[in-house]
Amino acid sequence: MVDFIKEAEKIENEVIAWRRELHQYPELLLDLPKTTEFVMTHLKEMGYEPECICQSGVIAVLDSGKPGKTLLLRADMDALPIPEESGLPFSSKVPGVSHACGHDTHTAALLGVAKILMEHKSLLKGRIKFMFQPGEEGGGGAKLMIESGVLKSPDIDACMAFHQVVARNHVPTGVIGYTRGAMMASADMFRITVHGKSAHGASPESGINPIQILCQIYHNLQSIECSEKPRGSALALTIGQINAGKAGNAIPESGFMCGSIRAYEESVRALAKRRLKEIAEQTAAMYGGNAEVIFLSELPATVNDYEVGDEMFEYAKELVGEKMTMMLPQIMGSEDFSEVLKEVPGVLFRISLGDKQEGYPYISHNSKVVFNESGIKNSVAVFAHCAVKWLNAHSI
Ligand SMILES: [Zn+2]
Ligand SMILES: [Zn+2]
C-alpha cells in the first residue's frame, strides 16, 4: 500500500499554490466562471475529461477499468460576500468577496486528490467521481448538481467530503474530525407576512394592526421550543428580522418577520415547521388578520451514515494515527452536502486548519480568518487513502 501522507507531501506546495490562486479570485453562489475554468484546466492536465454540469458544477470520473463500486468525493468552491481583512499577501483581489469559509482549501485539496489517485489508478477498483460544487453558501448548489445527474451514470454507492474547522480549542492543525450520525442541523429559512388593515393612529378600532399580530406570533412561537419539542431534542427557532410600519401615528396594512428553524432530527424539524404555520395563521386569525408563511430555503440535517462513516474513520486513523483524529460534537450550523448524504450513504469529515492555541483566533465567515495551510495535506492524504481502501474492501 502506498503511503498517501508521503504522496500528499510531494504535492503539498502545488496544492497550496492552487489554493492561493483560488483565494485571490473568490466568486459567489452559482456564478464561478474563473474557479470552474481553473478546476477544469487542472483536471485536464492530469488526464481527466471533466464535464461542466448545471451552472458552475464540475464532475470528473476516474475509472479503474476493474469492476467495483463508485465513490463520490466532493468539494465546494464558492466564496462569501465578506471583505477580506486577513492581511495576507495573497488576499482577495475582489472587493467585498472572500474565501472566509475556506472552500478554496477544499477545492485545492480535492484537485490534489485527483492528481494523486490518477497516478495510483492501478491501486483502485471501480470508480471515483469527483464533484466540484458551486453554491454551498446559498444557491442550492448540491441540489442543482443532483438534479443535473451527479449521482447517476455511474451511479454513486457512497460519498465523502471534508470541511475545514478553525479557531476551536484543542483541535490542532491536521486533525481529522468525525461526528457519528447527525453532525449538522437542518436549516429552514422562513418569512411570515401578516396582513391587517391600515388605519389612522387615532382610531385603532377601525383597523387591524399587523404589528400587534406579529408580536403575538413571536411570543406564541416560543412554545414550540419551550414546551412542544421532545425534551432531549435540539431545536433553534430564531426570528432575526421584523419589519412593519412607516410612521408612529399610522397603523400599517401589513408587516413581516423572517427567521430560521434548525434541528438535528427530521421529526423535530417537521413538527417545528408545521407548528410555525399553525401558530402564525391561527394567531393572525384571532385578531382578524391573516398570516402567510413561506419557506425561502430548506436544507435537511447533515447526517453521516454510521457504516460508511465509521469505516472511513478507521481508515483515517490507520493513516494519520489515533492522536490526529478526534470525535467532534454536533453543531447547529448547516451544510448542503446534506442533500447528497440524503441520497447516498457517506460521511463529511472535518479537517482542522488551525486552532486557538496555535494562534488562529478567528472563526470562518469572519473577515480576519486565517487558515493554517499545513493542515491541508492531511485531508488530501485521508481522501486518497479512504478512497483506495473503501473501493477495495467493497469490490464486487
Ligand atoms: Zn460557510
Ligand atoms: Zn463552508
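Residues numbered from 1 in each chain as written. Chains lettered and ligands numbered in written order. Predicted model: local features only at pLDDT ≥ 70, side-chain atom pairs only at ≥ 80, totals over all residues. Heavy atoms only, no water.

A.B. asks: Lay out the pattern of salt bridges in plain terms, naming residues and giving numbers.
C.D. replies: For the structure shown, the criterion picks out 22 salt bridges. Of the charged contacts in the structure, one is a salt bridge between Glu335 and Arg74, with a shortest N-O distance of 2.7 Å. Note that Glu335 is positioned in the loop between β15 (325–327) and α9 (338–343) and Arg74 in strand β3 (residues 70–76), a separation of 261 residues in sequence. A salt bridge links Arg180 to Asp310, with the shortest nitrogen-to-oxygen separation between them at 2.6 Å. With Arg180 in the loop between β6 (176–178) and β7 (182–184) and Asp310 in helix α8 (residues 306–320), this residue pair connects regions lying 130 residues apart in the sequence. Arg180 sits in the partly exposed class, given a relative accessible area of 42%. Among the ionic contacts, a cluster of salt bridges with common partners joins Asp188, Glu266, Arg269, Lys273 and Glu298. (Salt bridge = Lys/Arg side-chain N within 4 Å of Asp/Glu carboxyl O. Helix = DSSP H or I, 4+ residues; strand = E, 2+ residues; numbered from the N terminus. Buried < 20%, exposed > 50% of the residue type's maximum accessible area, 1.4 Å probe, protein only.)

A.B. asks: So, the coordination of the zinc ion (ligand 1): which residues are in play, and what are the values?
C.D. replies: Bound to the zinc ion (ligand 1) are the protein donor atoms Cys101 (SG), Glu137 (OE) and His365 (NE2), situated 2.0 to 2.2 Å from the metal. Here the donor residues for the zinc ion (ligand 1) map to a single chain with the spacing C-x35-E-x227-H. Here His365 falls in the partly exposed class, since its relative accessible area comes to 38%. (Donors = N, O, S within 2.8 Å, 3.2 Å for Na, K, Ca; no water.)

A.B. asks: Can you break down the sheet that holds β3 residue by residue, with the values?
C.D. replies: With mixed pairing, the eight strands of this open sheet are ordered in space as β1-β2-β4-β3-β5-β16-β6-β15. Edge strands, defined here as strands with exactly one partner in the open sheet, are β1 (51–53) and β15. Neighbour-to-neighbour, the strand axes of the sheet open up by a mean angle of 25°, direction not taken into account. Of the pairings in the sheet, the one linking strand β2 (residues 57–63) to strand β4 (residues 127–133) comprises six bridges and is antiparallel in character. If you follow Asp63 over to β4, its bridge partner there is Arg127. Helix α4 (residues 103–119) contacts β2, β3, β4 and β5 (158–165) of the sheet and is inclined by roughly 145° relative to β3. Against the sheet, helix α10 (residues 376–393) engages β3, β4, β5, β6 and β16 (346–352), with an angle of about 165° to β5. (Pairing = 2+ DSSP bridges. Axes fitted to C-alpha atoms, helices over the stretch in contact; angles between N-to-C directions. Contact = heavy atoms within 4.5 Å.)

A.B. asks: Go over the coordination of the zinc ion (ligand 2) with me, naming the residues and quoting the values.
C.D. replies: Surrounding the zinc ion (ligand 2) are the protein donor atoms Cys101 (SG), His103 (NE2) and His163 (NE2), which sit 2.1 to 2.3 Å from the metal. For the zinc ion (ligand 2), the single-chain donor residues occur in sequence as C-x1-H-x59-H. Here the zinc ion (ligand 1) and the zinc ion (ligand 2) are spaced 3.1 Å from one another, each receiving a donor from Cys101. Note that Cys101 is positioned in the loop between β3 and α4 and His163 in strand β5, a separation of 62 residues in sequence. Assigned by exposure class, Cys101 and His163 land together as buried.

A.B. asks: Account for the nonpolar core, naming residues and giving values.
C.D. replies: Leu43, Leu73, Leu117, Phe130, Phe132, Met160 and Met312 are the most contacted members of the largest nonpolar core, which has 67 residues in total. With eleven residues, α10 is the single largest residue contributor to this core. Counting residues in each nonpolar core, the second largest holds 22 residues, with Ile261, Leu276, Ala280 and Ala291 among its members. (Core = buried A, V, L, I, M, F, W, Y, C linked by side-chain atoms within 4.5 Å.)

A.B. asks: Now, about the sheet that holds strand β8 (residues 187–195): what can you tell me, with residues and values included?
C.D. replies: Taken in spatial order, the four strands line up as β10-β12-β8-β13 in an open sheet, and their pairing is antiparallel. Every other strand in the sheet has two partners, leaving β10 (235–244) and β13 (290–299) as the edge strands with one partner each. Strand-to-strand twist in this sheet, taken as the mean axis angle between neighbours without regard to direction, amounts to 20°. Contacting β8, β10, β12 (254–263) and β13, helix α6 (residues 210–228) crosses the sheet at an angle of about 175° to β10.

A.B. asks: For a nonpolar patch on the surface, give the residues involved together with the corresponding values.
C.D. replies: A contiguous nonpolar patch, built from Met189, Ile294 and Leu296 and spanning about 230 Å² of accessible area, is present on the exposed surface. Checked against the element boundaries, Ile294 lands in strand β13. Residue classification places Ile294 among the partly exposed residues on the basis of a relative accessible area of 35%. (Patch = residues over 30% accessible without salt bridge, like charges linked within 9 Å, V, L, I, M, F, W, Y side chains within 5 Å. Areas by Shrake-Rupley, 256 points an atom, 1.4 Å probe, with all protein chains shown as cover.)

A.B. asks: I'd like a description of the environment of Leu72, backed by residues and values.
C.D. replies: Within the secondary structure, Leu72 sits in strand β3. Not counting chain neighbours up to four residues away, the residues in contact with Leu72 comprise Lys129, Met131, Val150, Leu151, Ile156, Ala158, Cys159, Met160 and Val340.

A.B. asks: How would you sum up the side chain of Ser233? Please name residues and give values.
C.D. replies: Following the sequence through the fold, Ser233 ends up in the loop between α6 and β10. What makes Ser233 buried here is its relative accessible area of 8%. Beyond its immediate chain neighbours, meaning those up to four positions away, Ser233 contacts Glu265 and Val268.

A.B. asks: Can you tell me about the packing of helix α2 (residues 12–24) against helix α3 (residues 33–45), naming the residues and giving the values?
C.D. replies: Put simply, α2 and α3 touch, their axes get as near as 10 Å, and they point 155° apart. Judged by the angle between their axes, α2 and α3 are roughly antiparallel. Between α2 and α3 lies a crossing whose hand is right-handed. On α3, the residues that touch Trp18, Glu21 and Leu22 of α2 are Thr35, Phe38 and His42. Each residue belonging to the contact of α2 with α3 can be placed in one class, and the counts come to three nonpolar, two polar and one charged. (Parallel < 35°, antiparallel > 145°, perpendicular 65-115°, else oblique. Left-handed = near helix turned anticlockwise from the far one by under 90°. Nonpolar A, V, L, I, M, F, W, Y, C, P; charged D, E, K, R; others polar.)

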